[in-house]
Amino acid sequence: MSRYPRDLAGYGPTPPDPQWPNGAKIAVQFVINYEEGGENNLLHGDAASEAFLSEIVGAAAWPGQRHWNMESIYEYGARAGFWRLHRLFTEMNMPVTVYGVATALARGPEQVEAMKDAGWEIASHHYKWIEYKDYTAAQERDELDRAVALHTEVTGSRPLGFYAGRTSMHSMTVAAEEGGFAYLADSYADDLPYWMRVGDRDQLVVPYTLDANDMRFATPQGFNAGEQFFTYLKDSFDALYLEGQAGAAKMMSVGLHCRLIGRPGRVMALRRFLEYIASFDDVWVARRIDIARHWADTHPPVAFERPSEMDRARFVAAYGSIYEHSAWVAEQAFDLELGPAHDSAAGLSNALARAFRRASPEARLGVLKAHPDLAGKLAEAKSLTAESTAEQASAGLDLLTDAERSQFQALNRAYVDRFGFPFIVAVRDYDKPGILAAFEQRLSNSRDAEFVEACSQVERIARHRLNEILPR
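## Brief notes about the packing of helix α4 (residues 137-155) against helix α5 (residues 171-178)
Working step 1: Where α4 meets α5, the axes come as close as 10 Å, and the angle between the chain directions of the two elements is 55°. Here α5 runs oblique to α4, going by the angle between their axes. Crossing hand, α4 versus α5: right-handed. Across the interface between the two elements, A137, E140, R141, L144, D145 and V148 from α4 touch S171, V174, A175, E177 and E178 from α5.

Right, dumping it as structure tokens:
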């Protein structure tokens, strides 16, 4: 047995309708990353200078030295870039979420006052703007506690959102376990919020973006000019807006940095994008906390027993009857690499089918023979399993006339005599005339072809049964 922790399924082909306020076709939210004064710097107790997200191509950290050019680039973000963005967003009357590094906020009291006066959300961007990849969970837990405490001192209230950015593998779990965040943002996995189970609680995740993000002005294969940034934002918006018009509304995040988009040669691209989306009546521009609250109210977490988290005994008890009287299928499926992608009808159906398909022909024949005849003696004696009883009733096979019953019995005898196992069909896919037509058509199959078809029908029946008890 092994369990795979990553969720590669998500919402699948039919994501939920977010039901954005006033029927909006898309929710757009802007993040200003306020990191200036929280970056790597000997003055901050760090071992080297900063090397990330600046105008310096190929910048490298300088161990044991301060870096005058790097420091002044970051200072530009606090001294000039922030105020340029503040004027733009307040002029356009568009709300903003700030990812505020706690130590940077502490060194920018005027900027914090301006954020609060504008009604912006100030979420936590960790304690410092440094790499946390080598921190242990305990070390990062201490660092997060420091971040929340300092953030609360500086702003007057604790942060309700959290984005580390330069994460460790512990960052999301540690933040969820802290227990005070309405949402976490260290995910790029979806266009909609989603719930993540951590321990005994459900944590909301509001995904962020690295593509619709001005950081690409400072990375290889990024944006070289403001027009590229504008075009990328507009194309992203247009694609998601069309999906919203088609009934599948989404969320668009835009990531900004004071020292990058705050430069005059770039900010006009942002202005053009703000003016563009302002021309639509059915767009919800919101802070991330507003999106989180809306999602929690509209799509609260759904509690159910997850197959990938069950022990063997519980798993077999729950799913041992999915393949008729063949608990061994569930037993073997349990030993596969299961994960969140198998906690749905589609996912678990595939796992059970894999166990069934890898079995010997003799074992699969045993499953076929375990199925009852359609409208046969077991049905008449009310001795079918609960699943088979419901399935046959769904096609009206529990309400046959005498003539219809005789017809089914004759077909059953002919089929078993020819193939050596009962006629199996996923009756939920058919009505009564369709079942009879399939019965007569399949009698002309070769034995090998019919064995394949019967096995396929067994898998289809299993999928229908799982649809009744698991999310699809």
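## Side note on the nonpolar core
Working step 1: Within the largest apolar cluster, 49 residues are counted, with the highest numbers of intra-cluster contacts made by F30, F89 and M252.
Working step 2: For this core, the secondary structure elements donating two or more residues are β2 (26-34), α1 (68-92), α2 (102-106), α3 (109-117), α6 (226-245), β9 (250-257), α7 (264-278) and β10 (283-285).
Working step 3: Beyond its immediate chain neighbours, meaning those up to four positions away, M252 contacts I26, A27, V28, Q29, A212, L233, S236, F237, L240 and F273.
Working step 4: Of all hydrophobic cores here, the second largest spans 45 residues; its members include A353, A426, A454 and L470.

## A short note on the packing of aromatic side chains
Two aromatic rings are characterised by how far apart their centres lie and by the angle between their planes.
Working step 1: Using the criterion set out here, one finds 34 aromatic pairs in the structure.
Working step 2: The ring of F223 carries R216 above its face, with NZ or CZ at 4.5 Å from the centroid.
Working step 3: Just above the ring of Y76 sits the side chain of R263; from NZ or CZ to the centre is 3.6 Å.

## Some thoughts on the pattern of salt bridges
Working step 1: What the rule picks out here adds up to 22 salt bridges.
Working step 2: The partner of D134 in a salt bridge is K133, with the nearest N and O atoms 3.1 Å apart.
Working step 3: Taking the shortest distance from any N to any O, the salt bridge between E459 and R357 comes out at 2.7 Å. With a gap of 102 residues between them, E459 in helix α17 (residues 447-467) and R357 in helix α11 (residues 345-357) connect regions that are remote in the sequence.
Working step 4: Exposure remark for R357: the relative accessible area of 49% places this residue in the partly exposed category.

## Re helix α15 (residues 402-419)
Turn by turn, an α-helix covers 3.6 residues, leaving residues three or four places apart pointing in a common direction.
Working step 1: With 18 residues, α15 ought to run about 26 Å at 1.5 Å a step, and its terminal C-alpha atoms sit 26 Å apart, in line with that.
Working step 2: Those residues of α15 not exposed but buried are F408, L411, N412, Y415 and F419. Looking straight down α15, one finds its buried side chains confined to an arc of 110°; they lie on one side. In α15, the exposed positions angled more than 90 degrees off the buried face are occupied by D402, A403, R413 and D417.
Working step 3: For α15, the secondary structure elements touched by its buried residues are α16 (432-442) and α17.
Working step 4: With its phi angle positive at about 85°, G420 sits one or two positions after the end of α15.

## Thoughts on unusual backbone geometry
Working step 1: One non-glycine residue, Q19, lies in positive phi territory at about 55°.
Working step 2: Of note in the backbone geometry, N22 takes a positive phi value of approximately 60° without being a glycine.
Working step 3: Of note, N22 is situated in the loop between β1 (2-3) and β2.
Working step 4: A relative accessible area of 82% means that N22 is categorised as exposed.

## A word on the pairing of β9
Working step 1: Of all eight residues that make up β9, eight are buried, and the element is covered over most of its length.
Working step 2: Here β9 shows two buried faces, one formed by K250, M252, V254 and L256 and the other by M251, S253, G255 and H257.
Working step 3: For β2 and β9, the ladder comprises eight bridges, and the chain directions are parallel. Each residue of the ladder has a partner; that of I26, found in β9, is K250.

## Topic: the side chain of N412
Working step 1: You can see N412 is positioned in helix α15.
Working step 2: Take N412: its relative accessible area is 5%, and that puts it in the buried class.
Working step 3: Discounting residues that sit within four places of it in the chain, N412 has contacts with D373, L374 and F439.

Parameters and conventions
- Residues numbered from 1 in each chain as written.
- Predicted model: local features only at pLDDT ≥ 70, side-chain atom pairs only at ≥ 80, totals over all residues.
- Heavy atoms only, no water.
- Axes fitted to C-alpha atoms, helices over the stretch in contact; angles between N-to-C directions.
- Helix = DSSP H or I, 4+ residues; strand = E, 2+ residues; numbered from the N terminus.
- Parallel < 35°, antiparallel > 145°, perpendicular 65-115°, else oblique.
- Left-handed = near helix turned anticlockwise from the far one by under 90°.
- Contact = heavy atoms within 4.5 Å.
- Core = buried A, V, L, I, M, F, W, Y, C linked by side-chain atoms within 4.5 Å.
- Buried < 20%, exposed > 50% of the residue type's maximum accessible area, 1.4 Å probe, protein only.
- Phe/Tyr/Trp six-rings, centres within 6.5 Å; stacked < 30°, edge-to-face > 60°.
- Lys NZ or Arg CZ within 6 Å of the ring centre and 35° of its normal.
- Salt bridge = Lys/Arg side-chain N within 4 Å of Asp/Glu carboxyl O.
- Expected span 1.5 Å × (residues − 1).
- Arc of directions from axis to C-beta.
- Pairing = 2+ DSSP bridges.

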